[in-house]
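Chain residues, written in single-letter form:
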Amino acid sequence: MLLTCTQHVMIKVSSNSLSVGKFAHLVVLPTGVESAAERLVNSSQREGGRDEEIVVQFQDVAVGKTAEKKFKIKNTSAVKTEIQLVRQNSSVTPEVFTFVLNNKNLQPDDLVTLSVKFTPMIINEVCIEYFHLHDRSGGSKTTIKCVGTCKGLCVSFASDTIQFGQLSCGKTSTKSLEIINSSDCEAHYQFALDSSESVFKIDQRCGTLQPRSSKKLICSFQATQPINYYKKLACVIHNQEPLFVTLLGTCHSDAVKPAILEARHVDWYNSLTYRGLSGYSPEQIDAMEKEGNVCLDGDGIPTRQEDHQHTAMEEYFHDGYYSHLAFAVPHVSMNVRDIDFGRRIQLDSIMQKSITLTNHTKDKITCVWMGDTSHVFHVTPNSCDIPPLKSTSFRVTFKPTAPDQFYGAELECYAFYKCLTEYWQLEREYISPPWCLPLGTTGHTFSQQSETFLPKLELSSQKLQFPAVSLGESSFTSLLLRNTGATPIQYDFSNDNSGVFLMKPYRGIVEEGQQQVFLLHMSPTKAGRCEKVLQLRLNDDDRNTQKVVLVGYAEEAAVKLDNDGFLFFRPTCLNTFSTQQYGVRNTCRVPLRFEWMMSSDDAKLLTVSPQSGTIAPNEHQMHKWSFKPKEESRTLMKPVLVVTTTRGRLLSKSYLVPAEGKGTLGSLRAAESSVDCHNILAGCMETKNIDVFNDSDCDLHYELHVDSDKGSTLDSPFLLQKCRKILRARTIQTIEATVQPTTCGTFTVAISYQLLSSADDTAVYIGEKRHLCYVVVSAVFPTLVATDVSCHGSASGRNKMQLWNLLNLSRFNSLMMKPLPLSSTSQKTTESMMASRPQVDMSFGAAPVGSEDCIINLTIANTGTISTNWSFVFPSDVQLEVPYWTSSYEGEQISTPDDSLFSVQPKQGHLEAGCSETLTLKYSHKIAGTSRLPVLFTVRQGQQLMLNFVGVSVKQNFPYIHFAQTSHTFSPVPIGEMVYAIHSYELFNGGGVPLKFWLDVRGLKQLCEDNFDCNIFECLTPSGHIPSGSTVSIEWLFTPFEAKTYSVGVPIHVEGGETTVITFSGTGYDGVGEFSADEEVMSPVECRQNFASSYNEQVLKFSKERIIFGDLPLFCEKQQIVFVTNTSENCCMSFKWLVSAEHSQFLTITPAKGLLDPGASQICKVVFTARGVPVLVNNLDVACEVMDETERSLYDKRLDRWLAKARRLKNEFTITDSLDNVSKAFRRSKCCQQRNDKVPMDVDFSPYKILPPITSSTPLSTVKELARIAQDETFASPRVQQALGTLSRPPVPSVLHLSICARVHTIDTFRKRFPDRIKKFFLKELPCFPCADSITPDRSLAGLEHTDEQVLVDVLANILCNLLEEEESVGESLAQLALEPTPYFIQLAPATRQQESAAAAAATRQPETHTSTTFPDTAKAQDLMPEEVTDHDPQKEADEGCDDMTVVNQLLESTLFNIISEAFQGEFNITAPPKLLITKPTL
């Protein structure tokens, strides 16, 4: 839903569904199946918790071929899973689908390829199978529906009729017959014709057609008998129904000339056959027409309504002989169709068998057999007339010509009406074609002692699966036999006596290299499985027998209904629709036709789609039901499902499906009556989620509307887009409200809804609109501030506070908090907009020209509540003139700046609310002088600032003090203090040479005279020296006389340099306030007391880079800890704290140095001791030197190799004389050695090098060795220098800074200003008061050294830890010790001085001896002791008490530090709740 307002706000409402998966989730990415969008739509529309389903469609796959499709499976979860693929149990369809999965284990976000292969087995069959894809945990489940269609061959003839016409006896006529294969697979064909015995001949009686090809066959006609010839020749094709071609021919002799047979005569005869008149001869039909018994049309064809069409397979089998079924009464029948003469041993003998032909017509016929007595098989008599309804016997003779041979032939007999020989006597040219009667004959001449040929053949299948049929229907299949041997094969299939299975032909001979196609027929008599094993006997030998299994099914109508035949609807709101998917599965192997039927009353409440249709075998079809209640009550309906087979006897079956539904009322409510959209960026589009609840029991279809509230500032008109949704019963739906405020402010809109009858476009409204909730929008602007800064390069000596002031980040942050009008937030930079932008001066400091680049890492954070985009715009980015770009800068006249001196990385980015990002600002000291570059910093829909980048490059040997600002303000100081804190002001030497400075304090004297001769400002260090690149602090004493602000200008002179006047100011106030160091560093917007470095490239990081101790009294000690972490993954880092001698008097950091492994951390304790005089420690910079020990170790190894090479080159040399001189000298030296003579001095040893000198094994120091090499002239030679090469520079340690802030008061001042906090501090060191009698106490701790004191603290800490570990036993011991009497051995303890004095006084007054040995009480002894005798030393007692308190303080401090250390090392969880130990109650 979209709401737009021309002036203020736009609101868009839409719904969004979010889900989080805990378990593994698999997603199927289709490739070649239905699209992902369709799959998601289908999945989302399923109801009732059904699994996701995808469909893999295979179309028109040839039988025996394999088709493959692939798709991807992705693991979209974050856990590893294992894929499981389960086939749904089904005994209806064969397993023709197979899955290939390369890898079952899937890692998160991995893909795996799943391939599906379809290999059909039955032609013209639709195969459906279901597979369930799920992971091992069962988190997701996907149903894969595989649908495949098996197509048969598509073989046809170019013409189905061949007319040879009239031909003389003995002549031959030739025609061509084109056979075409239009399918994608091979086709095996065979004509049912014996070319050696028939008058019709085909040159290629059997063969194979390649896919998408054709072949021309040569057909010839040669007859010897003057009659008409007609043959409907069958062409049997493997895996296809047979084809028929009509062959017509007429033979004339000199004496006999029959009428020429044409195709129209065949049509006339077929019409007579359909009317049952073909049993009458043409002469009889002519007579019947004259008598009026037959009604003929104009063409002389009997009138008929419609011919009954038969399939080619039925016509091929149902001939009355192979099958008991026949389409018409046969005109002439033969008692046998196949004669097997078997074995004939004697060739000279004649074997004969008789056959009988019966005339079933009403007129005389003539039978003529083709062939003569010269053939191996022939029939006698050759021709014969058979009276009507009579029979005649013929003899078939088998006369072989050679032994050990197989013989076979198909004889033909043509029968026709006798009256056709005188056809001219008929009034109409009625010519009936003859009937061709084939007779198959086989036999062989193998003797009983000899073996027949060993058959070598191939069968297309040993098990034939017939297509399933319903009762009363027939099924067909085919079988291919190939003769792969070099001899003929005689085959003989056994018959099925039950008559269920038929085969044609079942007996015959296959010549070598030829093939035979068999057609099989199944006609089941009962429902269920039909199976038969046929015995294939080869070459008349029982040993050559094979089995062929025939399997078929006869099915009755049967389906399986979901939910055990019950249909339930959810409670439905009145006058609305509730839909439910209901599944029907066809459990039989034949397709079924279904239809839903219901009463008229139920039809008013129920609708179903589809109402009727067809269900394929094993298909689980979903039907969509809709329930529309009219009243608030339960309703029981009774629809009926009627299923019927599509073919056969059309048996039907009915299923009652009770359906129950309930009508109810419903309404919606929002989780919040008023939805607040706070902190929306003005001018931008944001979304807000609104939860809508449906507390009713029914699903609700609704439409949302957005209206202006009466109290809102929105104006009409507005554009509204309708949003229609559905919310399930007792569920929550999230609505996304998209708002786009154009100005800052608060806006209110009302969202209402209206119920619909359904979720489609045809839905109608129900009732009136109802209020849902209000949406309150408040628009804000983004805020972006700087939170951290660090430096590198030439500015590495600067601490964080110095950088903060240099970049003027306090002003930057304060300006960024001010929002701009929406009209000023345009991102387009124009000339008119530049002058109005606030400016901030950002200084990069000063350094000598040619120094390292000044690199500043600035961290900016989005402190607001909305995300935003930011960017830096340089003058070159917007192509503006630089003079105009800088015209708004209030400063000195500058030249055109060079963008290459300043750079910012990255120049733009995006920050979410509460996030931060580190920027790298760089300035190159290439050109001497002051460089300025204005850069525009913009925040999308927020502030835009002009940042004036300023960098100073000082000339060589020129003294220069860099002042970031020309004014400085001291911290406010209360008036009337006894002791005032010391302030500091820092001076930085930005030049390359040390300098001397001094301050002109004449202005301070004038200020003193103006304030009644009171020193308001006093400079304690008016002059000094500053090393190059260092900072010196000037100490100031600010003693305000009145509660007002004082200021004075003080010139600062540099010897040989420039003079700069700095204005110092300070404020005195009358009141008590607590010190906060943050107020002097950051504005309250971005103030963070303890901030850690956010620079990503800094390997060693502190947990906080600023420690604020706050207000402290003198003589107290305060500790804080800092965690030092090595963030590197492969480098060891060392650190060393650099605390100056001056700062070490009050600041201690332990440990002072350390070594950290990769990823390790170290706790450092920072102790601040307030001693001396009150002082203001503001941003004390403590440096920490960091060294990469891994890099330094590598450098030491390179240096050792370099030194070794240098020493070797210094002491060795090479002799370059020729080798011949060396050989001669060597022979001479050998002779001289035998004579014990000395080697001559002129011997040449050029091929050899002398060994290096023997040196001490103790290595020299690296520094001394390098110094000696530098002074040695030998190493200065060009040869040595060239051989040694350049030595790499040693690694330079980096420096980190820790800022310390504190303010020290006197004890009296602190007690007066902070009376509640004085008790929280422990005064470790008290002021020393002189005492006349200083006697060292015997048992005082003041005489202990620091080492002994530390040992005492450690021992007591260990004792305390052990006591804490044995808490229960220690408590019991203390309880028992309190009950014990005073032990005797306590009297043996040495007496104190007070006890001895008391005992002496008592002995003076009472000389008698006491029998009691009880030790006198301390209080009593003091009472007896005279005052003048008491030895009392207050200073000594104070020292003893202070020492005892120091030990206790150190003990507690060490204990707490140990606890923190152990928790930091992970030995225990310091934040874990305490355990409660419940003891067993005592019974």
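These figures come from a predicted structure and were not determined experimentally.

Visitor: Can you help me understand the overall build of the chain in this one?
Guide: The secondary structure content of the chain amounts to 21 helices and 87 strands. Out of the 1483 residues in the chain, the part that is buried amounts to 45%. The contacts in the chain between residues at least 6 apart in sequence include a share of 74% that link residues at least 24 apart. With an accessible surface of roughly 76,800 Å², the chain has 51% of that area assigned to carbon and sulfur atoms.

Visitor: Looking at this structure, I do not really get the pattern of salt bridges. What am I missing?
Guide: Opposite charge on two side chains permits pairing when their charged atoms draw close. Scanning all chains against the criterion turns up 27 salt bridges. Put simply, E531 and R529 hold a salt bridge, and the shortest N to O gap is 3.2 Å. Because the salt bridges share partners, they merge into one network encompassing R87, E95 and E129.

Visitor: What's the story with the side chain of T477 in this structure? I'm lost.
Guide: With respect to the helices and strands, T477 occurs in strand β33 (residues 475–483). Judged by its relative accessible area of 16%, T477 falls in the buried class. Sequence-distant contacts of T477, that is, excluding residues within four places in its chain, are made with L464, Q465, F466, F518, L519 and L520.

Visitor: Please clarify how the sheet that holds strand β64 (residues 902–905) should be interpreted in this entry.
Guide: Two pairing modes exist for strands in a sheet, parallel and antiparallel, and in both the strands are linked by backbone hydrogen bonds. A sheet is described by the order of its strands in space; here four strands give the open sequence β60-β62-β66-β64, paired in antiparallel fashion. Both outer strands of the open sheet, β60 (785–793) and β64, are each paired with one neighbouring strand and no more. For this sheet, the mean inter-axis angle between neighbouring strands, taken without regard to orientation, is 20 degrees. Lying over the sheet, helix α7 (residues 809–816) contacts β60 and β62 (854–861), oriented at roughly 150 degrees with respect to β60.

Visitor: Teacher, can you tell me more about the packing of aromatic side chains here?
Guide: A ring pair, where both rings are aromatic, is described by two values, the distance of the centres and the angle of the planes. Scanning the model with the defined rule gives 52 aromatic pairs in all. With a centroid separation of 5.8 Å and an interplanar angle of 35 degrees, the aromatic rings of F970 and F1017 are classed as tilted. One end of the pair, F970, is in the loop between β70 (967–969) and β71 (973–974); the other, F1017, is in strand β74 (residues 1017–1019), and 47 residues separate them in sequence. The exposure class of F970 is buried, given its relative accessible area of 4%. The class of F1017 is buried, set by a relative accessible area of 4%. Ring pairing ties together the aromatic residues F970, Y985, F1017, W1036, F1038, Y1046 and F1064, which thus form one cluster. Over the ring of F58 we find K69; its NZ or CZ atom is 5.4 Å from the centre of that ring.

Visitor: Looking at this structure, how should I read the sheet that holds strand β68 (residues 944–954)?
Guide: Within the open sheet, the five strands sit side by side as β61-β68-β67-β63-β65. Their pairing is mixed. Looking along the sheet, the strands with just one partner apiece sit at the ends: β61 (839–848) and β65 (908–911). The average angle at which neighbouring strand axes cross in this sheet is 20 degrees, direction not considered. In this sheet, β65 lies alongside strand β63 (residues 868–873) in antiparallel orientation, the contact comprising four bridges. When the sheet's bridge partners are listed, S871 is paired in β65 with Q908.

Visitor: Looking at this model, I keep getting lost on a nonpolar patch on the surface. Mind explaining?
Guide: Nonpolar side chains collect at one region of the surface, where V1351, V1355, L1356 and I1359 lie side by side and expose about 300 Å² of accessible area between them. Within the element layout of this structure, V1355 appears in helix α17 (residues 1346–1365). When its relative accessible area of 42% is taken as the criterion, V1355 is described as partly exposed.

Visitor: Would you mind going over the nonpolar core with me for this structure?
Guide: Buried together is how nonpolar side chains tend to be arranged in soluble globular proteins. Residues F812, F872, F937, L947 and F949 are the most contacted members of the largest nonpolar core, which totals 37 residues. Those residues in contact with F812 that lie beyond four places of it in its chain are L784, V785, A786, V840, M842, F937, L945 and L947.

Visitor: Teacher, can you tell me more about unusual backbone geometry here?
Guide: Excluding glycine, most residues fall at negative phi; most peptide bonds, likewise, are trans. In this structure, P381 follows T380 across a cis peptide bond, with omega equal to -5 degrees. Tracing the backbone through its elements, the reader meets P381 in the loop between β25 (377–380) and β26 (383–386). Cis peptide bonds are those with omega within 30 degrees of zero, and the linkage from Q905 to P906 qualifies with -10 degrees. Structurally, the position occupied by P906 is in the loop between β64 and β65. Positive phi is not limited to glycine here, since D60 has a value of about 55 degrees. Residue position: D60 is located in strand β4 (residues 52–62). In this structure D60 comes out as partly exposed when scored by relative accessible area, which is 48%. Phi at N563 takes a positive value of approximately 55 degrees, unusual for a residue other than glycine.

Visitor: Could you clarify how one ought to interpret helix α11 (residues 1002–1010) in this entry?
Guide: Along an α-helix, residues three or four positions apart point the same way, because every turn accommodates 3.6 residues. Burial in α11 covers these residues: L1004, L1007 and C1008. When α11 is viewed along its axis, its buried side chains cluster within an angular range of 100 degrees and face the same direction. Exposed positions of α11 whose direction lies more than 90 degrees from the buried face are R1002, K1005, E1009 and D1010. Buried residues belonging to α11 abut β74, β76 (1031–1038) and β77 (1045–1054). Of the residues trailing α11, F1012 is marked for its positive phi of about 60 degrees.

Visitor: Help me out: how do you make sense of helix α3 (residues 282–291) in this one?
Guide: Of all the positions in α3, only P282, I285, D286 and M288 are classed as buried. Looking straight down α3, one finds that the buried residues subtend no more than 165 degrees of arc, so they occupy a single side. Opposite the packed face of α3, turned more than 90 degrees from it, sit the exposed residues K290 and E291. On its buried face, α3 is in contact with α2 (263–275) and β28 (406–417). Backbone geometry just downstream of α3 places G292 in the positive-phi region, at approximately 85 degrees.

Visitor: How should the environment of N799 be read in this particular structure?
Guide: Among the secondary structure elements, N799 is positioned in the loop between β60 and α6 (800–806). Residue N799 is classed as buried on the basis of its relative accessible area of 7%. In this structure, the C-alpha to C-alpha distance between N799 and S1299, residues 500 residues apart in sequence, is 7.8 Å.

Visitor: Even after reading the chapter, I still don't get the environment of Y1069, so can you show me in this structure?
Guide: Within the element layout of this structure, Y1069 appears in strand β78 (residues 1060–1069). The partly exposed category is assigned to Y1069, whose relative accessible area is 23%. Along the primary structure Y1069 and P1040 are separated by 29 residues, whereas in three dimensions their C-alpha atoms are 8.3 Å apart. With residues up to four places along the chain from it excluded, the contact list for Y1069 reads P972, V973, P974, I975, A1043 and R1313.

Visitor: Looking at this structure, I do not really get the confidence of the model for the chain. What am I missing?
Guide: Low pLDDT marks regions whose predicted coordinates should not be analysed in detail. Per-residue confidence for the chain averages 78 on the pLDDT scale, and 77% of its residues sit at or above 70. Note that pLDDT drops below 50 for residues 32–49; the model gives that stretch 26 contacts with residues more than four away or on any other chain.

Visitor: Sorry if this is basic, but what is going on with the environment of D601 here?
Guide: Tracing the backbone shows D601 in helix α5 (residues 600–605). The spatial distance from the C-alpha of D601 to the C-alpha of M637 is 8.7 Å, given a sequence separation of 36 residues.

Quick notes on the rules
- Here the residue numbering is sequential within each chain, running from 1 through the sequence in written order.
- Given that this is a predicted model, residues contribute local features only at a pLDDT of at least 70 and side-chain atom pairs are listed and counted only at 80 or more, while totals for whole chains, interfaces and linings are drawn from all residues.
- Remark: hydrogens and water are excluded; side-chain values derive from all non-hydrogen atoms of the structure.
- Counting from the N terminus, the helices are the DSSP runs of H or I reaching at least four residues and the strands are the DSSP runs of E reaching at least two.
- Think of it in three bands: residues with accessible area under 20% of the maximum for their type are buried, residues over 50% are exposed, and the middle band is partly exposed, with areas taken using a 1.4 Å probe on protein chains only.
- Contacts are residue-level and defined by heavy atoms, with any inter-residue pair within 4.5 Å sufficient.
- Here the open area of atoms and residues is found with the Shrake-Rupley method and a 1.4 Å probe, where only the protein chains shown may cover a residue.
- Throughout this description, the term salt bridge denotes a Lys or Arg side-chain nitrogen within 4 Å of a carboxyl oxygen of Asp or Glu.
- Whether two strands pair depends on DSSP finding at least two bridges between them.
- Here an axis means a line fitted to C-alpha atoms, over the contact stretch when the element is a helix, while the angle between two N-to-C directions is reported on a 0 to 180 degree scale.
- Each Phe, Tyr or Trp ring (for Trp, its six-membered ring) is paired with any other whose centre lies within 6.5 Å, and the angle between the two planes then decides the class: stacked below 30 degrees, edge-to-face above 60, tilted in between.
- When the NZ atom of lysine or the CZ atom of arginine is within 6 Å of a ring's centre and also within 35 degrees of its normal, the charge is said to sit over that ring.
- Like charges are joined within 9 Å and nonpolar side chains (Val, Leu, Ile, Met, Phe, Trp, Tyr) within 5 Å, but only among residues with over 30% relative accessible area and no salt bridge; these make up the patches.
- To define a nonpolar core, start from buried Ala, Val, Leu, Ile, Met, Phe, Trp, Tyr and Cys residues and group those joined through side-chain atoms within 4.5 Å.
- In this context, the arc is that of the directions from the helix axis out to the C-beta atoms.
- The pLDDT value expresses, per residue, how confident the predictor is, ranging between 0 and 100.

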